[in-house]
Each structure stands twice: as C-alpha cells, then as structure tokens.
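The chain contents come next:
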Amino acid sequence: GAESATPNNPQNLSLTPPPAAPFALPAARSSFPGAAGNGLNAAGPSGFGAAAPGRLSRAYAQNGDTTVAAAPAPSRRERVSDAKAAREQFVREVWPHAERAGRELGVSPRVLVAQAALETGWGKHTIRDAAGQPSFNFFGIKADKRWEGTNVKTTTTEFVAGQARREDARFRAYGSAGESFDNYVNFLKSNPRYQNALDHGGNMQHFAQGLQKAGYATDPSYAQKILKIASGRSMNAALAAAGTYSV
C-alpha cells in the first residue's frame, strides 16, 4: 500500500535509493598522431593515458569486460631489424633509377643512392604535400623560378655562417622516383656551375666534393656524409641483400 507521510516526507515520496549505475570501463583512445584528443597522452600528467615517471605510456583497448594492455614497444633488436629491412627496400626501389642516372652522369650509382639516402633518411623522411602524398624528391632540389612543375612547401635545415637554422622552402614534386632521378641528371647538366663535379673521371669522391664546392647544399659536411654512406656497412649490406651489383 501507500507509505505513511512523515514530517520529513510530506509528499509521500519514495525513499528507496535508485539502483547504482553499472561500472563502465573508459572508452578506448587512439594513440596515433592526429586522432581526436591528440592521442593517448592528451589527458595530461594526471589524466587517463598519462605515463608514470620513468615508464613507457601504454595504450589500452576495451575487450568485453576486461581491459587489455597493448603489445609492448619493439625491442632494440626489432628496431634494428626494421631499419635494416627499410634500407634494403629503399635500395631495391631506387637502384634501377640510380643505374640509369649513373650511366648518364658517368658516375657510380652507389654514390647517387647514398645522396638520395642522405636527403631522405633512406626514404623515411621524404618530402610530402599537405595531403600526405609523396613528392618523390630524392635529391632535395628546390623549386626555383625555372621550375614549371608542381611544388611542395616544407621546413628544411640550412647552414648560414656555419650555423644550422630552420626555414620554410618550396621543393620540386615529381610523379615517380624515375622522374626525380631524371630531373636530377638534367639539373646537373643544365647548370654550368656543376661542370667540375661532372668532370669527375669516374671518381665518386671528386663528384661529391664537386657538388659541395658548387654550392649544391649549404651543409659544410655534405660531401663527407655522402661518401660515408656510400662506403659504409649499411650500404654494403643493403646492396647485397637487394641483389644489386655493388660498384
């Protein structure tokens, strides 16, 4: 029946507390860049996803009634293996174009692959447009007034009076790796200032140093870096694994 009214309940309201809401796990949050909430650590030092001091932050995913930790970060051995595989894949992709360009320039394709590896971090840091599409610019050639094709704006490191500084610049964009290598050949041959580099006599050291002396790049160690990559163990291993003819 109806409950009796009391001084503290004059309207005969039910005093039975409502049932407790069922416990709910926090929604899974994405950890990749650009996701809503700016990724896993967006909650800040005390929020969900914040990493404990000295520990790696871990992503969580809801799985039924349990919370499952994501796979741990790759080990050092796995990272080294992945980097090695990436270099081998890079060599496989650019070697045919480097061979063709090397014949045109009379220089070893090895030094051209080394320069492309330096400019792009073995293909990991290629210049991309605002939509994320690759520019296939393997040689860091800027889009000056002579360039009539498409271009991509990005931030680059330039050396001024021996000091590195970051600045925005526009670079040439191509439709393929082959176009990039072909344009590189044309770029060198059509610029008289690179004639000394082209008079290398088959010596890739003379070629690389000629590029630097002609002002191809502002990095004072540009030639040294190219030659170090060209003769390094990483290059030798990548060439051998890719089945290319190392010269």
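None of these values were measured; they are calculated from a predicted model.

Caption draft 1: Structural view of the overall build of the protein chain. Broken down by element type, the protein chain carries seven helices and four strands. N-terminal to C-terminal, the α/β element order of the protein chain is β-β-α-α-β-β-α-α-α-α-α. By residue count, 32% of the 247 residues in the protein chain fall in the buried class. Restricting the contact set of the protein chain to residue pairs at least 6 apart, pairs at least 24 apart contribute 51%. If you sum the accessible surface of the protein chain, you get close to 15,600 Å²; carbon and sulfur atoms cover 52% of it.

Caption draft 2: Quick peek at the nonpolar core. Ranked by internal contacts, the top residues of the largest apolar core, which has 44 residues, are L105, L112, Y184, L188, F207 and Y216. Sorting the residues of this core by element identifies α1 (76-105), α2 (109-120), α3 (177-189), α4 (195-198), α5 (204-213), α6 (222-230) and α7 (233-242) as the ones contributing at least two each. When residues of this core are assigned to their parent elements, the largest contribution, seven residues, is made by α1. Formed by five residues, the second largest nonpolar core is a distinct cluster that contains I127, V152, A169 and A173.

Caption draft 3: Focus on the pairing of strand β3 (residues 151-160). Bridge count between β3 and strand β4 (residues 163-172): 10 bridges; the pairing is antiparallel. The residue of β4 that forms the bridge with K153 is R170. Linking β3 to β4, which pair antiparallel, is a turn of two residues; within it A161 sits at a positive phi near 55 degrees.

Caption draft 4: Structural context of the layout of surface pockets. A volume near 790 Å³ is recorded for the largest pocket. As for the largest pocket, its lining consists of 31 residues, of which E119, G140, T156, E158 and F171 are closest to the centre. At the level of elements, α2, β3, β4 and α6 are the ones that each hand at least two residues to the lining of the largest pocket. Considering each element in turn, the lining of the largest pocket owes the most residues, six residues, to β3. Here the second largest pocket defines a volume of roughly 220 Å³.

Caption draft 5: Highlighting the packing of aromatic side chains. For the structure shown, the criterion picks out 11 aromatic pairs. Following the ring pairs from residue to residue traces out a cluster consisting of F90, W122, F138, F139, F181, Y184, F187, Y194, Y216 and Y222.

Caption draft 6: Representation of the packing of α1 against α2. Their axes nearest at 8 Å, the elements α1 and α2 cross at an angle of 125 degrees. One way to sum up the angle between α1 and α2 is to call them oblique. Note on packing geometry: the crossing formed by α1 with α2 is right-handed. Residues F90, V91, V94, W95, A98, E99, A101, G102 and L105 of α1 form the contact with α2, whose participating residues are P109, R110, L112, V113, A116, A117 and T120. Of the residues belonging to the contact of α1 with α2, the class tally is 12 nonpolar, two polar and two charged.

Caption draft 7: Region of interest: α2. With 12 residues, α2 ought to run about 16 Å at 1.5 Å a step, and its terminal C-alpha atoms sit 16 Å apart, in line with that. Downstream of α2 by a residue or two, G121 has a phi angle that is positive, lying close to 65 degrees.

Caption draft 8: The side chain of S108, seen in detail. Mapped onto the elements of the fold, S108 is located in the loop between α1 and α2. In terms of polar contacts, S108 uses its side chain to reach the backbone amide nitrogen of R110, at 3.1 Å.

Caption draft 9: Seen up close, the confidence of the model for the protein chain. Of the residues in the protein chain, 70% reach a pLDDT of 70 or more, and the chain-wide mean stands at 77. Below pLDDT 50 for its whole length, residues 1-16 participates in six contacts with residues either more than four positions away or in separate chains. Here residues 21-62 is modelled with pLDDT under 50, and outside its nearest four sequence neighbours on either side it reaches 55 contacts, counting other chains as well.

Each value, and the rule that gives it
Throughout, a residue's number is its position along its own chain's written sequence, starting from 1. The predicted origin of the model limits local features to residues at a pLDDT of at least 70 and limits the giving and counting of side-chain atom pairs to 80 or more, whereas totals for whole chains, interfaces and linings rest on all residues. Excluded from the side-chain calculation are hydrogens and water; included are all heavy atoms of the structure. The numbering of helices and of strands both runs from the N terminus, where a helix is a DSSP run of H or I of at least 4 residues and a strand a run of E of at least 2. Throughout, exposure labels follow a simple rule: accessible area from a 1.4 Å probe, protein chains only, divided by the maximum for the residue type, with under 20% read as buried, over 50% as exposed, and the rest as partly exposed. By definition, residues are in contact when any of their heavy atoms lie within 4.5 Å. Each accessible area is a Shrake-Rupley estimate made with a 1.4 Å probe; only the visible protein chains count as cover when residues are assessed. Take the buried Ala, Val, Leu, Ile, Met, Phe, Trp, Tyr and Cys residues and link them wherever side-chain atoms come within 4.5 Å; each set so joined is a nonpolar core. Strands were regarded as paired on the criterion that DSSP finds at least two bridges between them. For cavity detection a 1 Å grid was placed over the protein atoms alone, and a set of points counts as a cavity when a 1.4 Å probe fits there but cannot get out; an open set counts as a pocket when protein lies on both sides within 12 Å along at least five of seven lines, with lining residues being those that have an atom within 4 Å of a point. Grid points are joined across faces, edges and corners, and a volume is the space filled by probe spheres set on the points. In this analysis, rings of Phe, Tyr and Trp, with Trp reduced to its six-membered ring, are considered paired at centre separations within 6.5 Å, and the interplanar angle assigns stacked below 30 degrees, edge-to-face beyond 60, and tilted for intermediate values. Angles here are taken between N-to-C directions and fall from 0 to 180 degrees, while the axes themselves are lines fitted to C-alpha atoms, restricted in helices to the stretch in contact. Roughly parallel means an angle under 35 degrees; roughly antiparallel, over 145; roughly perpendicular, 65 to 115; everything else is oblique. Note: crossing handedness is left-handed where the near helix turns anticlockwise from the far helix by less than a right angle, and right-handed where it turns clockwise. Three categories are distinguished: nonpolar for Ala, Val, Leu, Ile, Met, Phe, Trp, Tyr, Cys and Pro, charged for Asp, Glu, Lys and Arg, and polar for the others, with Gly belonging to the last. Given a helix with a known number of residues, its expected span is that number minus one, times 1.5 Å. Within 3.5 Å is the distance limit for a polar contact, defined as a pair of N or O atoms, with the added protein rule that one can donate a hydrogen and the other accept it, and that residues adjacent in sequence qualify only through two side-chain atoms. The pLDDT value expresses, per residue, how confident the predictor is, ranging between 0 and 100.

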